[in-house]
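Structural overview for review
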Amino acid sequence: MYDCGYSLNPAIDLGQVEGAFVMGLGVVLSEEVTVDDTTGQHLSNSTWTYKIPTPDLIPQQFSVSFLANAPNRTGIMSSKASGEPALMNATSVLMALQQAAAAAVEEVQGLADGSFCGAVVNKGASDEHWRVLPAPATPQRLKGIIGQSSIADALEAALKGPL
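Residues numbered from 1 in each chain as written. Predicted model: local features only at pLDDT ≥ 70, side-chain atom pairs only at ≥ 80, totals over all residues. Heavy atoms only, no water.

1. A few points about the overall build of the protein chain
A tally of helices and strands in the protein chain yields five helices and zero strands. Burial status across the protein chain gives 28% buried among its 163 residues. Of the contacts made within the protein chain by residues no fewer than 6 positions apart, 66% connect residues no fewer than 24 positions apart. Counting only carbon and sulfur atoms, one obtains 60% of the accessible surface of the protein chain, whose full area is about 10,500 Å². (Helix = DSSP H or I, 4+ residues; strand = E, 2+ residues; numbered from the N terminus. Buried < 20%, exposed > 50% of the residue type's maximum accessible area, 1.4 Å probe, protein only. Contact = heavy atoms within 4.5 Å. Areas by Shrake-Rupley, 256 points an atom, 1.4 Å probe, with all protein chains shown as cover.)

2. What to know about the nonpolar core
Listed in full, the 10 residues of the largest apolar core are F21, L25, V28, L29, A90, L94, A101, L133, A137 and I145. Contributions of two or more residues to this core are made by α1 (10-29) and α3 (91-113). Among the elements that line this core, the one with the most residues is α1, at four residues. Counting residues in hydrophobic clusters, the runner-up holds five residues, among them Y2, C4, A20 and A86. (Core = buried A, V, L, I, M, F, W, Y, C linked by side-chain atoms within 4.5 Å.)

3. Comments concerning unusual backbone geometry
The general pattern is negative phi for most residues beyond glycine and trans for most peptide bonds. Residues A135 and P136 are joined by a peptide bond in cis, for which omega reads 0 degrees. Of note, P136 is situated in the loop between α3 and α4 (139-146). The phi torsion at N69 lies on the positive side, around 55 degrees, for a residue other than glycine. On the secondary structure map, N69 appears in the loop between α1 and α2 (84-89).

4. A few points about a nonpolar patch on the surface
Judged by side-chain polarity, Y6, L8, I76 and M77 come together as a nonpolar surface patch covering roughly 490 Å² of accessible area. Mapped onto the secondary structure, I76 falls in the loop between α1 and α2. (Patch = residues over 30% accessible without salt bridge, like charges linked within 9 Å, V, L, I, M, F, W, Y side chains within 5 Å. Salt bridge = Lys/Arg side-chain N within 4 Å of Asp/Glu carboxyl O.)

5. Looking at the packing of aromatic side chains
Under the defined criterion, the tally for this structure stands at one aromatic pair. With centroids separated by 5.5 Å and ring planes inclined at 65 degrees, the aromatic side chains of F21 and F62 adopt a geometry described as edge-to-face. Of the two residues, F21 sits in helix α1 while F62 sits in the loop between α1 and α2, which places them 41 residues apart along the sequence. Given a relative accessible area of 15%, F21 falls into the buried group. When its relative accessible area of 25% is taken as the criterion, F62 is described as partly exposed. (Phe/Tyr/Trp six-rings, centres within 6.5 Å; stacked < 30°, edge-to-face > 60°.)

6. As for the environment of P55
In this structure, P55 sits in the loop between α1 and α2. On the accessibility criterion, P55 (71% relative accessible area) is exposed. When the C-alpha atoms of P55 and V22 are compared, they prove to be 9.4 Å apart, with 33 residues separating the residues in sequence.

7. Overview of the environment of A68
Residue position: A68 is located in the loop between α1 and α2. On a C-alpha basis, the gap between A68 and C4 in space is 9.1 Å, while along the polypeptide they are 64 residues apart.

8. Structural notes on the side chain of E31
Relative to the assigned elements, E31 resides in the loop between α1 and α2. With sequence-adjacent residues up to four places away left out, E31 is seen in contact with M23, G26, Y50, K51, I52, P53 and P136.

9. Here's the deal with the confidence of the model for the protein chain
Low-confidence regions, as indicated by low pLDDT, have predicted coordinates that should not be scrutinised in detail. Taken as a whole, the protein chain shows an average pLDDT of 77; of its residues, 76% reach a score of 70 or greater. Throughout residues 114-125 the model reports pLDDT below 50, and contacts reaching past four residues in sequence, or to other chains, amount to 15 contacts. (pLDDT = per-residue confidence, 0-100.)

10. Focus: α1
Over its 20 residues, α1 runs 28 Å from end to end, which matches the ideal 28 Å to within 8%, given 1.5 Å per residue. For α1, the set of buried residues is D13, V17, A20, F21, V22, G24, L25, G26, V28 and L29. (Expected span 1.5 Å × (residues − 1).)

Written as structure tokens, this is what we have:
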């Protein structure tokens, strides 16, 4: 549900909302700017080193609807912005990954002490298991905050003791 006021052109507004969200996915998941610390040279200057969103990042089911009867009385023809606000909605993906990382650590620790019974462990992720995941949340950063390079490593470590 998106509030764009009175839509001047629903097809364009839909494209703006979808495009902004996908752009936001790139910002929070893959687009990392790297700079050489000594020279200041920009190192992520091509698609080999700067990863823009790819089709596999786009949700398979991407439903957008507009809030009806919500005109902006002070805007041009009662419209509102349709691109920039949707960009910020992509931060929900970063927050979901952060929650998932905390739950994964909690679940693996449950396997280690025998308290995990196959149920999904997500009680809000206690402070003890909370992990800060900076954007972009690349696979390497996600593995780093969990503290393991693979699921197999995490399970093996869990069997040996706490993470």
